[in-house]
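# Remarks on the overall topology
Read off the chains here:
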Amino acid sequence: MQEVSRSGAADELRLDALIADLWWRVRLINTDILEEEARAGVFDPVQPTYPLLAANLRARRDNLVATIGVLEQRARSVSEAA
């Protein structure tokens, strides 16, 4: 039977907490995007009048989602190794 070190379990918990926090931030950013689009009355990102703030928030959100994907993959590999 393979023993899991306390630091390994703690690291896994921290990684899970980080992932959960990042998903929470993605939800907040999604709300901000919707509010900015509604304020401007433009919902299509390809329109020239699409709000710059909403476009920047979309890019930030997409980067966070990509980061979450990498972290989730790392979390899976850590849990499989345990």
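In case you missed it, the structure is sitting above this.
Presented here is an overview of the structure given in this document. (Residues numbered from 1 in each chain as written. Predicted model: local features only at pLDDT ≥ 70, side-chain atom pairs only at ≥ 80, totals over all residues. Heavy atoms only, no water.)

## Let's talk about the pattern of salt bridges
So the rule is basically this: Definition used for salt bridges: Asp or Glu carboxyl oxygen within 4 Å of a side-chain nitrogen of Lys or Arg. Helix and strand assignments follow DSSP, with helices taken as H or I runs no shorter than four residues and strands as E runs no shorter than two, numbered in order from the N terminus. Relative accessibility decides the category of a residue: with a 1.4 Å probe and only protein chains considered, values under 20% of the type maximum give buried, values over 50% give exposed, and everything between is partly exposed.
Applying the stated criterion across every chain yields a total of 5 salt bridges. In this structure, Arg-39 and Glu-36 form a salt bridge, with 2.5 Å as the shortest nitrogen-oxygen distance. Of this pair, Arg-39 and Glu-36 both sit in helix 1 (residues 6–40), 3 residues apart, which is roughly one turn of that helix. According to the relative accessible area criterion, Glu-36 is buried, its value standing at 11%. Where Asp-62 meets Arg-61, a salt bridge forms, and the shortest distance between an N and an O atom there is 3.3 Å. Residue class for Asp-62 comes out partly exposed when judged on its relative accessible area of 43%.

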